[in-house]
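Each chain is listed here by its residues.
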Amino acid sequence: MTAPAWLEVLNETLDACRTHGRADLAELLRRRRDAPAEQIRLGVLGFPKQGKGYLLNAVLNAPVCAVGDAATPAVPTEIGYAEEPAATLVGRSLERIPVAVERLTGELGARPAGTLSRVEVGVPRELLSAGLVLVDTPPVGDPRSPRTAAALDLLAEADAVIIVSDATASLSPAELALARHVRTWCPHVVLALTKIDASPGWRAVAERDRAMLAEAGIDAPVLPVSAVVRQAAAKAGDADLNARSGFPELLTWIAEQAARPPEQSRALLAAVGVRAAAAELVESLRDRADAAGQEAGLGQAALLQRAQRRADDLRRQNTRWQNLLSDEITDLLSDAEYDLRERTRKIVNTIDQTFDDGDPAKVWDEFAPWLDNALAEAVDTNYGWLADRAEWIAQATAACFGAQYEGALPDLRLDGSGVEGLDDVRRPKIEKFKVGQQAFTGLRGSYGGVLMFGLVTSLAGLPLINPVSLGAGAAFAAKTIKDEGGMRLQRRQAVAKQAAQRHVDDVFLRFGKECRDSIRVVQRRLRDHFTGLAEELADELTHERETILAGTAERERRTVHIRREIDRLAGLHQRAGELGTIAGRTTRRELSA
C-alpha cells in the first residue's frame, strides 16, 4: 500500500526538525501524524473570564464545564460521546480514575497539582456521536505558565479551534497574537464573540475584530453568541430566541468540521503543520546564516587585519632589536676597551711618578703589591661594569618586543674576570751601587785629580803627590761617585718603569681579549634568544592566520549547508502548500531561501 503524499512530506519535515534540534516541532508533527483518524478534535481556547465554559455548556446544553467562581481545571477536558454521562480522570502515568459527573468539579479541586494529564467526559449528545471531541483547555495567560502550555498543547492534535473572546472589548494584542499562532498551526479557526447579551455595542466590537483579523491576515470568521440567551431559549423552547443567541451558526460551523472527510482533514492538517514547522525552521536557519555571514564578514576582516598588523609589528620589531643589539654590542666593545685602557693608563701614570721620584731598589717591595692590587681592581671593576652593561642591553632588546615579551631574560652570567689568575709583576734586575763599586769609582776619579793637580803643582817645585793634589783627588773622587750613582739610579728607574709598564700592557692585552670574548658570548646568547623568540612569534602568527582561514572555510561550508537546508525546507513548504490546496486550502505565499 502506497503511503499518502502528505505522510511522506510530514515525515521528511519531522526528520528535518530532529536534525536541527527542534524536538518540540518534531513532537508536534509526530502527534499530527499519529492522531486517531476516527476522531475530529475541536479545541476551545481563550483568556480567563471570556465565557469559555459557558459557551461549551451552551453548545452541549449540559453543565459539563466549570463556570463562574468554580475552579477551572489545569488540564484539558476532552468531551466526547457516551450513552450515559461519565467522567474519568487520567493521571500522568495514564491511570484512569472514574468519577461521577456531578462530582467532577470537587474531584478536580481535591487532586494535587500536576498529578493529572487530562479529564475525559462523556455525554449523550448527537453532536458528538460522529466522533467529534470538544476539548476545553485551561485559560491562556502567562507564556511561561504550565496552564498556557497545556492549552497550546491542544494544537498538536486539533482539527479545528474556537477562540473565545467576550464582546465587552475588541481583541487585545495578546488575543490577536494567540489567534495568529493558532491559525498558523490549525486550518480551521473561528472567533466566538461571547456575552453579546451584556454588551450593547457588540456589533461594533465584532466589526473591529473582523477588521483586526483581516488586517493580520488571519482567516477566521467571527460569530457573536450568547450562552445566556441560548439557555433561556432552551428552557422556553423558543426557536427565534435560540436563533438570536447566535449558537445555530456556531453549531453549523462545528458540524461542518465534524463532517469533513477524515483523510482530507488529515492531509490538510499535515500540510498546515508542515508549513508552520518549515517556516519556523527556515527562520531560525536564516538567523544562523545571517550570524555566520556577519561573523565571516566584519569578524573575519577584523581578525585578518589584526593578524596583518601583528605581522607588520613583528617585522619592525625584528629590525629594531637586531639593529639595537648590533649597535649596543659595538658600543660595548669600544667602551669596555676604553674603560680598561683608561684605568691602566692611570696606573701607568702612577708608575711613572713613582719611579721618577723613587729608587726602585728601595720602593720596589712596596710598589709591586700595589701594582698587582691596582691591576686586579681595574680588571674586576671593568668586568663588573661589562656585566651590568650586558644586562642593560638584554633589557633594552627585550623592550623592543613590547607586551609580547613575557619570558625571562637569557642567562648572561660570564665565567668571571679571571683576577685570581693574574700574574704578579716580576721584579726587574735592579743593579745596586755597592760599596766596592763606589770605592773603585772614587779611586778612578781621584787618580785623575791627583795626576792633574800634581803636574800643575810640580811646576812650582812641589812633588806630584802633595796636599793640593791629594785634595783635588778627593774632590774628583767624590764627584765621580756622585755622577756614577746618579746614572745608575736613572738606569734602575728606567728598568723598573719598563718592567712595570710591560706588565700593565700584558694585563691589558690579556684582559682586553677576554673582555671582547665575553662580549661576543653575550652577543651570541642574546641573538640566539631573541631570534628564537621572533621565530616563535612568527610561528604563532602563521598558525593564527591559518586558523582564521580555516575558520573562514568552515563558516563558508556551514553557510552553504544552511542555505541548502533552507532550500530543502522551502521545497517542503511548497509541497505542503500544494497538498493543502488539493485538500481544500488556498495557496499562500511560499518560502524562499
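Above this text is the structure in question.
Anyway, here's the lowdown on the structure attached to this text. Since we're looking at a predicted model, the values are computed, not measured.

Opposite charge on two side chains permits pairing when their charged atoms draw close. Enumeration according to the criterion identifies 37 salt bridges in this entry. The residue R306 makes a salt bridge to E544 at a minimum N-O spacing of 3.4 Å. With R306 in helix 11 (residues 262-357) and E544 in helix 14 (residues 467-582), this pair connects stretches of sequence that are 238 residues apart. Residue classification places R306 among the partly exposed residues on the basis of a relative accessible area of 40%. Bridged by salt links that share partners, the residues R31, R41, E78, R96, R118, E120, D153 and E157 form one connected network.

Taken in spatial order, the 9 strands make up an open sheet running 4-3-5-2-6-1-7-8-9, and their pairing is mixed. Only two strands of the sheet have a single partner each, and these edge strands are strand 4 (96-99) and strand 9 (222-224). Sheet twist, expressed as the average angle between the axes of neighbouring strands with direction ignored, equals 25°. One ladder, built from 6 bridges, connects strand 7 (residues 160-166) with strand 8 (residues 189-194); its direction is parallel.

If you check the backbone angles, L94 has positive phi at about 65° while not being a glycine. You can see L94 is positioned in the loop between strand 3 (86-91) and strand 4. For L94, a relative accessible area of 58% puts it in the exposed group. Its identity is not glycine, yet K195 carries a phi of approximately 60°, on the positive side. By the element assignment, K195 lies in the loop between strand 8 and helix 7 (202-215).

For helix 13 (residues 435-458), with 24 residues, the first-to-last C-alpha span of 33 Å sits near the 34 Å given by 1.5 Å per residue. Among the residues of helix 13, T441, G442, G445, S446, G449, V450, G454 and T457 are the ones counted as buried. Buried-residue contacts for helix 13 involve helix 14.

Among the surface-exposed residues, D423, D424, D505 and D506 lie close enough to one another that they form a single negatively charged patch. Within the secondary structure, D423 sits in the loop between helix 12 (360-399) and helix 13.

The terminal C-alpha atoms of helix 6 (residues 173-185), which comprises 13 residues, lie 19 Å apart, in line with the 18 Å expected from a rise of 1.5 Å per residue. Residues E175, L176, L178, A179, V182, R183 and W185 constitute the buried set of helix 6.

What follows is about the side chain of S469. Counting through the fold element by element, S469 comes out in helix 14. With sequence-adjacent residues up to four places away left out, S469 is seen in contact with G449, V450, F453, G454 and L464.

Moving on to a nonpolar patch on the surface. A cluster of nonpolar side chains, contributed by Y447, L451, L455, L464, I465 and L470, occupies part of the molecular surface with about 600 Å² of accessible area. The biggest single contributor to the nonpolar patch is helix 13, with 3 residues. As for its placement among the helices and strands, L470 is situated in helix 14.

Within strand 6 (residues 132-136), 5 of the 5 residues are buried, which leaves it mostly tucked inside the rest of the structure. Here strand 6 shows two buried faces, one formed by L132, L134 and D136 and the other by V133 and V135. Sheet topology places strand 1 (residues 40-46) next to strand 6; 5 bridges connect them, and they run parallel. Each bridged residue has a counterpart across the sheet, and for L42 the counterpart in strand 6 is L134. Looking at chain direction, strand 2 (residues 77-81) and strand 6 are connected through 3 bridges and run antiparallel. Among the inter-strand pairings, I79 is bridged to a residue of strand 6, identified as L134.

Reading guide: rules and limits
Residues numbered from 1 in each chain as written. Predicted model: local features only at pLDDT ≥ 70, side-chain atom pairs only at ≥ 80, totals over all residues. Heavy atoms only, no water. Salt bridge = Lys/Arg side-chain N within 4 Å of Asp/Glu carboxyl O. Helix = DSSP H or I, 4+ residues; strand = E, 2+ residues; numbered from the N terminus. Buried < 20%, exposed > 50% of the residue type's maximum accessible area, 1.4 Å probe, protein only. Pairing = 2+ DSSP bridges. Axes fitted to C-alpha atoms, helices over the stretch in contact; angles between N-to-C directions. Expected span 1.5 Å × (residues − 1). Contact = heavy atoms within 4.5 Å. Patch = residues over 30% accessible without salt bridge, like charges linked within 9 Å, V, L, I, M, F, W, Y side chains within 5 Å. Areas by Shrake-Rupley, 256 points an atom, 1.4 Å probe, with all protein chains shown as cover. Lys, Arg positive; Asp, Glu negative; His and termini not counted. Charge placed at Lys NZ, Arg CZ, Asp CG, Glu CD.

All quantities given are derived from atomic positions and should not be read as evidence of function.
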